[in-house]
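# Tertiary structure, described
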Number of protein chains: 2
Amino acid sequence: MLFKVAQGCYHKDVPRLVDHDQRRAEIGEAAIRVILREGLTGVTVRGIAAEAGWSTGSLRHYFGNQHELQAYVVRAATETLHRRVLPRVQRPRTEGSVVDRIAGIVEENLPLDAERREEYALWAAVVEWERHHPPENGSVTWDDQRALYRQCIAAMRGHEPVRDPDRAAHPHPDPQVELWAALLHTFVDGLASQLVNTPGELSPGTAAALLRSLLEAVPGQQPDPHALQ
Amino acid sequence: MLFKVAQGCYHKDVPRLVDHDQRRAEIGEAAIRVILREGLTGVTVRGIAAEAGWSTGSLRHYFGNQHELQAYVVRAATETLHRRVLPRVQRPRTEGSVVDRIAGIVEENLPLDAERREEYALWAAVVEWERHHPPENGSVTWDDQRALYRQCIAAMRGHEPVRDPDRAAHPHPDPQVELWAALLHTFVDGLASQLVNTPGELSPGTAAALLRSLLEAVPGQQPDPHALQ
DNA sequence: CTTTAAATAACACGGGCGTGTCATTGCGGC
DNA sequence: GCCGCAATGACACGCCCGTGTTATTTAAAG
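Remember, predicted model here, so these are calculated numbers, not experimental data.

Here we come to the overall build of chain A. What chain A contains, in helices and strands, is 10 helices and zero strands. Each helix (α) and strand (β) of chain A, taken in turn from the N terminus, gives the series α-α-α-α-α-α-α-α-α-α. Across the 229 residues of chain A, 45% fall into the buried class. Excluding contacts between residues fewer than 6 apart, the proportion of contacts in chain A whose partners are at least 24 apart in sequence is 63%.

In structure tokens form, the structure reads like this:
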């Protein structure tokens, strides 16, 4: 101990050789590559060390055991996901019908092409981790998704978009928004499940068409809801 | 070879000690217990041998390698599933509203209680296997599900129930039946996915309520469709 | 330069796995 | 009673895993 505290404050007589946080991030990137290749079960001490180009002994300076390593990797994967898909989801959409615009947003979360399948593999790894290590304050990934679909349904029904992320995390005053957000959320999970489990039975095109059919069944749609930011 | 052909016809000079098929079935039951406990990845040669009470060498007389063992187990699990849930699905339902009766059928496929969670674990193992070994003639499990939901939606819309299983496997002439069967199928998969992946976010009661909400959104419902056999 | 301790790497241990080998057992046929 | 062979089970091999120990390297501090 006594070699580093907080932000770059070093104690005497101790050589600073590497930045632990930066090294951990580097290992996290290697681990994410492994996850995309082999899934969360492929995240082994030896495997990550080989992928990152170090020995297992070196890794143990940053992660005491496999559990710590995996926990860190899952956190890194979550951040990578947010960084990659959030901007796409929040991209302003002004063309097409209401259903098309909402569908475009929702499709960013579906494994419809190679890129999103990769991201979905990351997502699945996070869910897999949360399944075995249930977060006590509710699943962040689940809550984020639900908030997104709440916003989508609310917009379709002509409600003002809620800018405050905290407010968006709470139930919508319109009970129909809550209901159809839940229906949409569940339906999207079903689409994703079928796309990865039985790709021969459900093509990406059919999945997109089904999504639009469900959106068209949402009651109380406004012809021109407030612009989707 | 030359020790047994077809049904109990033995060749000369060969001691018949055990019935291979019966022994394989016995091993299959042990393997299913292991699947329920540890999933398909828990189906190891050593593990199954221990569960069944034999040595690994004995198992190798019936299964040349792990792949054969798992393939057999998946087939056995599929049959067990059909034997257990099909009668429940086809149980005559005469009480409650149309939506309630259909929901009762669909719920037999959802991991809503301990018993059905067990069956869902089996089901998931089958899907997992089919994902890595795609059947060329289409997924039997998927086709069965789709046919069931087709029948459900058709009944809600007042169509005559199709008795011939072959006919039920084909698309329904009513395009709305096809569409909503697909929507329902996808939605049920989503419910199942959330029930097992994020049980803290979706209770069995909420899942059942959501299912009923979706069924109520099915267009063209008849107040009193033909009795559900 | 010497000292010092972090950083690194190499290795060992114990365990689980799939798979192959081989001696033993015991039933069926003579 | 005796033989043959399917059936059985114990064991070995090689591989991968997590983890702990230990020696070597390296760079900062004096």
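Every contact between the two is made by 27 residues of chain A and, on the other side, 27 residues of chain B. Ranking the residues of chain A by area buried against chain B places T186, Q194 and E201 of chain A at the top, with a combined share of 25%. Where chain A packs against chain B, one counts zero salt bridges. In this structure, the connection of chain A to chain B is made through eight residue pairs in polar contact (both at pLDDT 80 or more). For the side of chain A that touches chain B, the elements supplying multiple residues, two or more each, are α6 (114-132), α7 (140-156), α9 (175-197) and α10 (204-216) of chain A. Per-element tally for the side of chain A that touches chain B: the top contributor is α9 of chain A, with 14 residues. In the side of chain A that touches chain B, the residues fall into 12 nonpolar, 10 polar and five charged.

Superposing chain A onto chain B takes a rotation of 180 degrees combined with a translation of 0.1 Å along the rotation axis, leaving an RMSD of 0.1 Å. The operation mapping one copy onto its partner corresponds to a two-fold rotation axis. Within chain A, G190 of chain A has its C-alpha nearest the rotation axis, a separation of 1.7 Å. Here 100% of the contact residues of chain A are again contact residues in chain B; the copies associate through an equivalent surface.

In this structure, L184 of chain A together with L184 of chain B are the most contacted members of the largest nonpolar core, which totals 119 residues. When residues no more than four places from it in sequence are discounted, the contact partners of L184 of chain A are V106, Y149, I153, L211, L214 and L215 of chain A.

Let's shift gears to the side chain of E130 of chain B. Residues and elements named next belong to chain B. With respect to the element layout, E130 can be found in helix α6 (residues 114-132). Side-chain polar atoms of E130 contact the side chain of T141, separated by 3.2 Å. Not counting residues up to four positions away in its chain, the partners in contact with E130 are P135, S139, V140 and T141.

This part is about empty space enclosed by the protein. Residue and element names in this part refer to chain A. Considering all chains together, one arrives at one cavity of 30 Å³ or more under this definition. Taken as a whole, the largest cavity encloses approximately 40 Å³ of empty space. Lining of the largest cavity is provided by V45, L59, R60, F63, G64, N65, Q66 and L69.

Turning our attention to the packing of helix α1 (residues 20-38) of chain A against α6 of chain A. Residue and element names in this part refer to chain A. The geometry of α1 relative to α6 is characterised by a closest axis approach of 9 Å and an angle of 100 degrees between their N-to-C directions. As far as their axial angle goes, α6 and α1 are roughly perpendicular. Taking contact as the criterion, the partners of I32, I35 and L36 in α1 are, on α6, E118, A121, L122 and A125.

Residue and element names in this part refer to chain B. Residue position: I153 is located in helix α7 (residues 140-156). Note on I153: relative accessible area 0%, which makes it buried. Between the C-alpha atom of I153 and that of V218, which follows or precedes it by 65 residues, the distance is 7.9 Å. In this structure I153 touches Q176, V177, W180, A181, L184 and V218, once residues within four positions along its chain are discounted.

Cut-offs used in this document
- Residues numbered from 1 in each chain as written.
- Chains lettered and ligands numbered in written order.
- Predicted model: local features only at pLDDT ≥ 70, side-chain atom pairs only at ≥ 80, totals over all residues.
- Heavy atoms only, no water.
- Helix = DSSP H or I, 4+ residues; strand = E, 2+ residues; numbered from the N terminus.
- Buried < 20%, exposed > 50% of the residue type's maximum accessible area, 1.4 Å probe, protein only.
- Contact = heavy atoms within 4.5 Å.
- Buried area = accessible area lost by both parts, 1.4 Å probe.
- Salt bridge = Lys/Arg side-chain N within 4 Å of Asp/Glu carboxyl O.
- Polar contact = N/O pair within 3.5 Å; in protein donor to acceptor, adjacent residues only side chain to side chain.
- Nonpolar A, V, L, I, M, F, W, Y, C, P; charged D, E, K, R; others polar.
- Least-squares fit on C-alpha atoms with pLDDT ≥ 70 in both.
- Core = buried A, V, L, I, M, F, W, Y, C linked by side-chain atoms within 4.5 Å.
- 1 Å grid on protein atoms, 1.4 Å probe; cavity = no way out; pocket = protein on both sides within 12 Å on 5 of 7 lines; lining within 4 Å.
- Points joined across faces, edges and corners; volume = space filled by probe spheres on them.
- Axes fitted to C-alpha atoms, helices over the stretch in contact; angles between N-to-C directions.
- Parallel < 35°, antiparallel > 145°, perpendicular 65-115°, else oblique.

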